[in-house]
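Below are the chains, spelled out letter by letter.
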Amino acid sequence: FNLEPQGEHTVAICRGTACHTRGSRPLLERVKLQLGLRQAGDDADKVSLTTPDLQFTVRTVACFGQCALAPVVEVDHAIRGHVSEQGLIREVEGLRKGNG
């Protein structure tokens, strides 16, 4: 349930312990930079940001329960494991260009 409009595409990044230790924060920071999203404060554990054009919502979740696949990202309801920054960048760019 959301009180704010959500983007057409969603990127949810796990911030659980296993994902954190395997690099989920740099993933979050990179996708925010890629989409031009900024947040007040520095709480990377609780993020829900939507691009002004309503194309993307980036949010964090506490845990997907897929710790062996860390870092884990959900893109448009599909779980991705062992996500790299370059892989996430390519996926988001594909969605931006309509190839998703």
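What counts and how
- Residues numbered from 1 in each chain as written.
- Predicted model: local features only at pLDDT ≥ 70, side-chain atom pairs only at ≥ 80, totals over all residues.
- Heavy atoms only, no water.
- Core = buried A, V, L, I, M, F, W, Y, C linked by side-chain atoms within 4.5 Å.
- Buried < 20%, exposed > 50% of the residue type's maximum accessible area, 1.4 Å probe, protein only.
- Helix = DSSP H or I, 4+ residues; strand = E, 2+ residues; numbered from the N terminus.
- Contact = heavy atoms within 4.5 Å.
- Axes fitted to C-alpha atoms, helices over the stretch in contact; angles between N-to-C directions.
- Left-handed = near helix turned anticlockwise from the far one by under 90°.
- Nonpolar A, V, L, I, M, F, W, Y, C, P; charged D, E, K, R; others polar.
- Pairing = 2+ DSSP bridges.
- Salt bridge = Lys/Arg side-chain N within 4 Å of Asp/Glu carboxyl O.

A. Molecular detail of the nonpolar core. In terms of nonpolar packing, the biggest core is built from 17 residues, with Val-11, Ile-13, Val-73 and Leu-88 touching the most fellow members. Counting residues per element, the ones that place at least two in this core are β1 (9-14), α2 (24-35), β3 (56-61), β4 (73-75) and α3 (85-96). It is α2 that provides the largest number of residues to this core, a total of four residues. Leave out the neighbours within four places in its chain, and Val-73 touches Val-11, Ala-12, Ile-13, Leu-27, Ala-78, Ile-79, Arg-80, Val-83 and Leu-88. Membership of the second largest hydrophobic core comes to six residues, among which are Cys-19, Val-61, Ala-70 and Val-72.

B. Here's a closer look at the packing of α2 against α3. It is at 10 Å that the axes of α2 and α3 come closest, and there the two elements cross at 30°. Considering only the axes of α2 and α3, their crossing is right-handed. Contacts from Pro-26, Leu-27, Arg-30, Val-31, Gln-34 and Leu-35 in α2 reach Glu-85, Leu-88, Ile-89, Val-92, Glu-93 and Arg-96 in α3. When the residues that make up the contact of α2 with α3 are grouped by side-chain class, the tally is seven nonpolar, one polar and four charged.

C. Structural context of the sheet that holds strand β2 (residues 48-50). Taking strand neighbours across the sheet as the criterion, the five strands line up as β2-β3-β1-β4-β5 in an open arrangement whose pairing is mixed. Strand pairing shows two members of the sheet lacking a second neighbour, β2 and β5 (78-80), which therefore form its edges. The sheet shows a mean angle of 20° between the axes of neighbouring strands, direction not considered. Pairing of β2 with β3, which is carried by three bridges, proceeds in the antiparallel orientation. Looking at the pairing, Leu-49 lines up with Val-58 of β3.

D. Representation of the pairing of β3 in the model. Within β3, five of the six residues are buried, which leaves it mostly tucked inside the rest of the structure. Across six bridges, the pairing between β1 and β3 is parallel. Residue pairing across strands places Val-11 opposite Val-58, the latter belonging to β3. Turn length for the β2-β3 hairpin, with the two strands adjacent in sequence and antiparallel, is five residues, and the turn residue Leu-54 shows positive phi of about 60°.

E. Quick look at the pattern of salt bridges. On inspection of all chains with the given rule, the structure shows five salt bridges. In this structure, Glu-29 and Lys-32 form a salt bridge, with 3.5 Å as the shortest nitrogen-oxygen distance. Pair noted here: Glu-29 and Lys-32 are both in helix α2, with a separation of three residues, about one helical turn. Overall, the relative accessible area of 32% leaves Glu-29 in the partly exposed class. For Lys-32, a relative accessible area of 8% puts it in the buried group. Glu-74 serves as the salt-bridge partner of Arg-59, at 3.4 Å between the closest nitrogen and oxygen. You can see Arg-59 sitting in strand β3 and its partner Glu-74 sitting in strand β4, a full 15 residues away along the chain. Look at Arg-59 and you get partly exposed, because its relative accessible area is 25%. Note on Glu-74: relative accessible area 12%, which makes it buried.

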